[in-house]
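Notes for the structure review
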Amino acid sequence: EDPSLERHFKGHRDAVTSVDFSLNKKQLASGSMDSCLMIWSMKPQMRAYRFVGHKDAVMCVQFSPSGHLVASGSRDKTVRLWVPSVKGESVVFKAHTATVRSVHFSSDGQSLVTASDDKTIKVWMVHRQKFLFSLSQHINWVRCARFSPDGRLIVSASDDRTVKVWDKTSRECIHSFCEHGGFMNHVDFHPSGTCIAAAGTDNTVKVWDVRMNRLLQHYQGNAVVNSLSFHPSGNYLVTASNDSTLKILDLLEGRLLFTLHGHQGPATCVAFSAAGDLFASGGSDEQVMVWKTNFGAADYGDVLKTQKSDSSVDGTHHALVEMDCGVHLKKTKPQDSGRNHEQQEEETSLANTLEHIMGQLDVLTQTVSILEQRLTLTEDKLKECLENQQKIIQNKTS
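Note that the coordinates shown come from a computational prediction; the quantities given were computed from them, not determined experimentally. (Residues numbered from 1 in each chain as written. Predicted model: local features only at pLDDT ≥ 70, side-chain atom pairs only at ≥ 80, totals over all residues. Heavy atoms only, no water.)

1. Focus: the UniProt feature "repeat: WD" (unreviewed entry) in the protein chain
The residues that UniProt annotates with the feature "repeat: WD" (unreviewed entry) are residues 9-50, 51-82, 93-134, 135-176, 177-218, 225-259 and 260-292. As annotated, residues 51-82 has a helix share of 0% and a strand share of 56%, and its two end C-alpha atoms lie 9 Å apart. (UniProt positions renumbered as here; feature names shortened; annotations may be inferred. Helix = DSSP H or I, 4+ residues; strand = E, 2+ residues; numbered from the N terminus.)

Structure follows, in structure tokens:
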């Protein structure tokens, strides 16, 4: 069944640059050249929030894994962390010296990676709002930077025509994919963490294996590709292009599955929800669209099932990784002959349970970080009290 347009959000006053779903799919965030960040409710008749604070175009937005925070990067050179509520309060991170093009949380929600026209990638500690370090080997604007699912690697795409893979611990560039065709607009990790996909101004999407550093797949389009997003199953990829289309690529088959027309003018950004049943897109036509996926539900169930049955055999979780390295090389169709209804229901409930567990974990992570924050505040206050006490004693003795 073809993907279908589900919702249509109008409210931005200039091109939309970025879209992202919260984990529970209750909210959708979008950034725009109009300097605003919008948070849309997925429930009908619920009002949208417009967050004002950036002094120039908002280039990128992302929800933290727990959904309690939204990060945004802007042409005003700052990164902001917002609490997505009525008040719309935010804290500002300042370290870049030019436009910030990309923000991305690590999957545990503890770190944030940002990329900028100042040619650097910066890593921050979220709850202490602390700058940690810079990665600076690119020799031109950096358009995109992403953490790997396990948080150990960072991948970045730059106008210097390279896609670089970095080791977060050693802070070194471990591989550079050189692109002669054009600039790379967007890059992201496959859910398995074993490969990356990059979208370019040479109208291509390329998928590379980051363990063997080799090209796995190459899709040639007929317009600049601005953005891409992997389906959580790892079997599909959605892209947004300058010819106003969204394209769904089937990575198992290595072919184009659907071409969707909705935007008037370039489609600038696209993102799947965490469950993969929805995806959102934004365009230079100021519109945000939400699409029902309508495909891949069975395959997604398969992935979860394979992972479950394998992990019960030897107690490890490498089933998914192994299956995924084969995914891109196989040219076979997913077996889906006459699957029964009960099986699908069982898989859906398994997917929901997993999503719920993930949500709970995120809440815990967030709670721990809030406690750490309070502890830091308490320590600071205590230090202040002791210092004041010392002063009083000194004054008395003198």
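Once you've had a look at it, read on.
2. Notes on the pairing of strand E19 (residues 195-200)
With six of six residues buried, E19 is to be regarded as a mostly interior element. Hairpin remark: strand E18 (residues 184-189) followed by E19, antiparallel, with five residues in the connecting loop; positive phi at Gly 193, about 80°. One ladder, built from five bridges, connects E19 with strand E20 (residues 204-209); its direction is antiparallel. Opposite Ile 196, over in E20, you have Trp 208 as the bridge partner. (Buried < 20%, exposed > 50% of the residue type's maximum accessible area, 1.4 Å probe, protein only. Pairing = 2+ DSSP bridges.)

3. Some words on the environment of Ala 199
If you trace the backbone, Ala 199 turns up in strand E19. According to the relative accessible area criterion, Ala 199 is buried, its value standing at 0%. Ala 199 sits twelve residues away from Val 187 along the chain, and the two C-alpha atoms are 6.4 Å apart. When neighbours within four sequence positions are excluded, Ala 199 is seen to be in contact with Phe 183, Met 184, Asn 185, His 186, Thr 204, Val 225 and Leu 228. (Contact = heavy atoms within 4.5 Å.)

4. A closer look at the pairing of strand E24 (residues 245-250)
Burial of E24 is extensive: six of the six residues sit out of reach of the surface. Burial of E24 is two-sided: the residues Thr 245, Lys 247 and Leu 249 facing one way and the residues Leu 246, Ile 248 and Asp 250 facing the other way are all buried. Pairing of strand E23 (residues 236-241) with E24, which is carried by five bridges, proceeds in the antiparallel orientation. Note on E24: the bridge partner recorded for Thr 239 is Lys 247. Connecting E23 to the antiparallel partner E24 that follows it, the hairpin turn spans three residues, and Ser 244 within it adopts a positive phi of roughly 75°. Where E24 meets strand E25 (residues 255-261), six bridges bridge the pair, whose relative direction is antiparallel. Of the residues in E25, the one forming a bridge with Lys 247 is Thr 259. In sequence, E24 turns back onto E25 through a hairpin of four residues, with Gly 254 there showing a positive phi of about 65°.

5. Some points on unusual backbone geometry
Residue Arg 161 is not a glycine yet carries a positive backbone phi of 65°. The residue Arg 161 is located in the loop between strand E15 (153-158) and strand E16 (162-167) in this model. On the basis of relative accessible area, Arg 161 is assigned to the partly exposed category, the value being 34%. Located in the positive-phi region is Asn 203, a residue other than glycine, with phi close to 70°.

6. Looking at the pattern of salt bridges
Side-chain pairs of opposite charge can arise whenever the charged atoms involved come near each other. Applying the stated criterion across every chain yields a total of ten salt bridges. Across the pair Glu 6 and Lys 292 runs a salt bridge, and its minimum N-O distance is 3.5 Å. Highlighted residues: Glu 6 in strand E1 (residues 4-10) and Lys 292 in strand E28 (residues 287-292), separated in sequence by 286 residues. One salt bridge in this structure joins Asp 159 and Arg 143, with 2.7 Å as the shortest N-O distance. (Salt bridge = Lys/Arg side-chain N within 4 Å of Asp/Glu carboxyl O.)

7. What about the side chain of Ser 72?
Looking at where Ser 72 falls in the secondary structure, it is placed in strand E7 (residues 70-74). Reaching out from Ser 72, the side chain makes a polar contact with the side chain of His 54 at a distance of 2.7 Å. Discounting chain neighbours no more than four positions away, the residues touching Ser 72 are Leu 37, His 54, Val 58, Cys 60, Val 61, Thr 78, Val 79, Arg 80, Trp 82 and Val 103. (Polar contact = N/O pair within 3.5 Å; in protein donor to acceptor, adjacent residues only side chain to side chain.)

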